[in-house]
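Commentary on secondary and tertiary structure
This is what each chain is made of:
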Amino acid sequence: MRIIEDFQLKGQNTFGLDIKAKYYAEISKIDEIKELYSSYSSSPIMILGGGSNILFSKDYDGLMIKNLIKGIKKVYENEDIVLIEAGAGEVWEDFVQYTVDNNWGGLENLSLIPGTVGASPIQNIGAYGTEIKDVFEELKGYNLETGEVSAFSLAQCRFGYRDSVFKRELKGKFVVTSVTYRLCKNPQIDIKYEALRSELEKLGIESPTVKQVSEIVCNIRRSKLPDPKIVGNAGSFFKNPEISDSHYQKLLSLHNDIPGYKTGNNTIKVPAGWLIQKCGWRGKRLGNVGVYDKQALVLVNYGGADGNEIIKLSENIKESVKKEFDIWLETEVNIV
Ligand SMILES: Cc1cc2nc3c(=O)[nH]c(=O)nc-3n(C[C@H](O)[C@H](O)[C@H](O)COP(=O)(O)OP(=O)(O)OC[C@H]3O[C@@H](n4cnc5c(N)ncnc54)[C@H](O)[C@@H]3O)c2cc1C
């Protein structure tokens, strides 16, 4: 296995930031992680997938391990369901399209999300009313300290909104090596999500297939989100905040168009993009960075930006949302 020093990561992060890793290695087998860890255990170690949810503020002063563990296999099947295990280094969209081509339901709403299978449970990726926790069976993780591989059930992953145990207590402790999804052979299509439903109505599709839903999701995403190959970005920069019902009612009395979705007994989720837009940030450009004009939740690198310019912009946005709505936005992207 080759270890490269001062490796250029510009092509390995979707913000397109010009930064380097002190050491970089690509692994395609679990044994290779063991080998690397025994030689580099005193350096910081980080696992890299597609780099689509990371903002580097500086060069990485440690070992960056690119996970390329591949393979897709059926591990169980009955009349109704199929369990499919995919290697962590599989490209997420290739895996989703593999399940769609087989007409297995469950992942179609998550089409075209950049990144790898191994990162999908880290923040419990979600889109169009579905999160991976809805179809998750288990994952296998390599414990960097003990060198053992253990299975994690749904309950053990402690998934939340863009959250899991791997972003908290177990952050940096495990390398996800594979994830198994439970997919449906007689798919019940989930079209609760408004944008999806109205697109199906426009097309006159009453009983959509898994493939049709996937295609519509891809079309909506292409029309709304910037392609990182053209404009650097990491998708939604902030999480949608959850606030108390009383806080929401107070805001509603001041802004009668504020959207909100009930998430618990006394909690309302408010779209962060709406809050940012209301503060006048949508489409604003400051030097090399800016807020995407079609979706205020997305911060972009127009070229040549430093990670700190994006962080500064995000802080300014947070402060103005706090001032206007008394809400402190939480960052979704991992800042390193
Ligand atoms: C245009 C665009 C649209 C997006 N849309 C969505 C969306 O709709 N919904 C959504 O949820 N996200 C979205 N994202 C964010 C991103 O695509 C997902 O979070 C994705 O899962 C990140 O995968 P990755 O392989 O690129 O992970 P990376 O960015 O490489 O890594 C993210 C984090 O996971 C850790 N990690 C990665 N792989 C492993 C592993 N095998 N084991 C342990 N830790 C690991 C890394 O160390 C890092 O902390 C979008 C991003 C972009 C650029």
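Since we're looking at a predicted model, the values are computed, not measured.

1. Some thoughts on the sheet that holds strand β6 (residues 72-77)
In sheet architecture, strand pairing relies on hydrogen bonds along the backbone and comes in two forms, parallel and antiparallel. In spatial order, the strands read β6-β7-β12-β10-β11; together these five strands make up an open sheet with antiparallel pairing. Looking along the sheet, the strands with just one partner apiece sit at the ends: β6 and β11 (149-153). Each adjacent strand pair in this sheet contributes to an overall mean axis angle of 25°, direction not counted. Alignment of strand β7 (residues 81-87) against strand β12 (residues 174-184), held across seven bridges, turns out to be antiparallel. The residue bridging I81 from the neighbouring strand is C184, located in β12.

2. Quick word on the domain arrangement of the chain
Per the domain assignment, the segments making up the chain are domain 1 (4-67), domain 2 (72-184) and domain 3 (232-335). With six residues of domain 2 at the contact, the number on the domain 3 side is five residues. Roughly 540 Å² of surface becomes buried between domain 2 and domain 3 when both sides are summed, with 35% attributable to carbon and sulfur atoms. Interface area lost by domain 2 to domain 3 is led by Y161, R162 and K167, which between them contribute 75%. Across the salt bridge formed by R162 and E332, the nearest N and O atoms sit 3.8 Å from each other. Residue composition of the side of domain 2 that touches domain 3, grouped by class: one nonpolar, one polar and four charged.

3. A word on the nonpolar core
Counting residues in hydrophobic clusters, the biggest one holds 43 residues, and the most contacted among them are L9, M64, F238, L275, I276, I317 and L329. Breaking this core down by element, the ones donating at least two residues are β2 (20-27), β3 (45-48), β4 (54-55), β5 (60-67), α6 (245-254), α7 (272-278), β18 (289-291) and α8 (307-325). Ranked by residues supplied to this core, first place goes to α8 with six residues. Composition of this core by domain shows at least three residues from each of domain 1 (4-67) and domain 3 (232-335). Those residues in contact with L9, other than ones at most four positions away along the chain, are L17, I19, K20, A21, Y24, L48, F56 and M64. Counting residues in hydrophobic clusters, the runner-up holds 37 residues, among them A86, L110, F159 and L183.

What counts, and where the lines are drawn
- Residues numbered from 1 in each chain as written.
- Predicted model: local features only at pLDDT ≥ 70, side-chain atom pairs only at ≥ 80, totals over all residues.
- Heavy atoms only, no water.
- Pairing = 2+ DSSP bridges.
- Helix = DSSP H or I, 4+ residues; strand = E, 2+ residues; numbered from the N terminus.
- Axes fitted to C-alpha atoms, helices over the stretch in contact; angles between N-to-C directions.
- Domains from an automatic or database assignment.
- Contact = heavy atoms within 4.5 Å.
- Buried area = accessible area lost by both parts, 1.4 Å probe.
- Salt bridge = Lys/Arg side-chain N within 4 Å of Asp/Glu carboxyl O.
- Nonpolar A, V, L, I, M, F, W, Y, C, P; charged D, E, K, R; others polar.
- Core = buried A, V, L, I, M, F, W, Y, C linked by side-chain atoms within 4.5 Å.
- Buried < 20%, exposed > 50% of the residue type's maximum accessible area, 1.4 Å probe, protein only.

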